[in-house]
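Residues per chain are reported as follows:
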Amino acid sequence: MHSGGAAAIVDYISESKGNARLPGIMTLGYISAFDDSLAMAVIVSKGIAPLKDALISEPEDHLKAAAAWALGQIGRHSPDHAKFLAEADVPSRLLAVYMLPESSKDLKDKAKKALKNIIQMCTHLPALEPLLQLAPNNILQYVCAQFAKVLPQNLEAKRTFVQSGGFQKIQEIQAEPGSKLREYIDEINSHYPPDVVNYYSPNYADNLLKRLEEYHAE
């Protein structure tokens with residue numbers, strides 16, 4: 001596979017459409033599942049783009065599901081593998097397929113598993129931020145877990161997270177008390193000064209106005 005076999009399969013699924021693509025998609029998934037160096041060979045052979053195209057463009061759910069599975073096999077090995085997928089906007093595409101009401105159960109399951117595989121390996125946080133806007137709480141749990149894991153070790157990432165608006169998005173998430181999601185949000189907040197957390201919380205402006213009214217009422 002290192003001597004160009006992956007590239008030949010990538011060419012095949014790039015040039016074919018419909019069910020003819022399925023054996024190639026499955027082969028890339030099995031190659032990528034085998035070990036991290038073979039998964040990287042698929043990436044280097046530009047295998048992400050045709051798999052992503054199948055996920056987006058193929059009308060049949062079983063083909064989309066196969067592509068989602070293969071992408072998840074590529075992304076599950078290391079932060080480097082996950083970063084290539086994240087920079088190609090694969091997580092957002094998997095999320096879109098997962099959230100589509102007409103997607104089959106199998107497609108939803110495979111998209112969710114692939115998304116989880118990629119998110120749990122991704123340490124390139126800017127690539128995960130779009131998911132904060134769109135993902136339901138069961139997916140946000142994995143996203144926030146990554147932020148909670150990576151942010152404490154990286155001062156620059158902590159600063160960027162505030163400047164990009166991601167930190168404010170975290171404050172706006174409606175998480176059940178006692179849930180894992182709530183735990184991860186609280187953990188993220190614990191690495192910032194309380195006044196920064198208050199400033200970005202949704203009710204900060206209301207509280208400020210209330211205090212102003214109380215001050216004038218005295």
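Residues numbered from 1 in each chain as written. Predicted model: local features only at pLDDT ≥ 70, side-chain atom pairs only at ≥ 80, totals over all residues. Heavy atoms only, no water.

## Remarks on the side chain of asparagine 189
Keep this limit in mind: Here a strand is any run of E in DSSP of at least two residues, a helix any run of H or I of at least four, and the numbering for each starts at the N terminus. Think of it in three bands: residues with accessible area under 20% of the maximum for their type are buried, residues over 50% are exposed, and the middle band is partly exposed, with areas taken using a 1.4 Å probe on protein chains only. Contacts between residues were defined by any pair of non-hydrogen atoms, one from each residue, lying within 4.5 Å.
With respect to the helices and strands, the residue asparagine 189 is situated in helix H13 (residues 180-189). By relative accessible area, asparagine 189 is classed as buried at 11%. Residue contacts for asparagine 189: discarding those within four places in its chain leaves Phe167, Gln171, Arg182 and Val197.

## Regarding the packing of helix H4 (residues 48-57) against helix H5 (residues 61-75)
Our working definition: With axes taken as lines fitted to C-alpha atoms, and helix axes fitted only over the stretch in contact, angles between N-to-C directions fall between 0 and 180 degrees. Left-handed describes a crossing whose near helix is turned anticlockwise from the far helix through less than a right angle; right-handed describes the clockwise counterpart. Three classes are used: nonpolar for Ala, Val, Leu, Ile, Met, Phe, Trp, Tyr, Cys and Pro, charged for Asp, Glu, Lys and Arg, and polar for all others, with Gly counted as polar.
Two numbers describe how H4 lies on H5: the axes approach to 8 Å, and their chain directions differ by 145°. By crossing handedness, the relation of H4 to H5 is classed as left-handed. Facing Ile48, Leu51, Lys52, Ala54, Leu55, Ile56 and Ser57 of H4, the residues of H5 in contact are Lys64, Ala67, Ala68, Ala70, Leu71 and Ile74. Here the contact of H4 with H5 is built from residues that sort into 10 nonpolar, one polar and two charged.

## What about the environment of tyrosine 98?
Condition: The term polar contact refers here to a pair of N or O atoms within 3.5 Å; inside protein, the definition further demands a hydrogen-donor-capable atom paired with an acceptor-capable atom, and it admits residues adjacent in sequence only when both atoms are side-chain atoms.
Assignment of secondary structure puts tyrosine 98 in helix H7 (residues 90-99). Taking the C-alpha atoms as reference points, tyrosine 98 and alanine 68, separated by 30 residues in sequence, lie 10.0 Å from one another. Those residues within four positions of tyrosine 98 in sequence are excluded, and the remaining contacts are Lys108, Ala111, Lys112, Pro136, Asn138 and Ile139. For tyrosine 98, the side chain forms a polar contact with the side chain of asparagine 138, separated by 2.8 Å.

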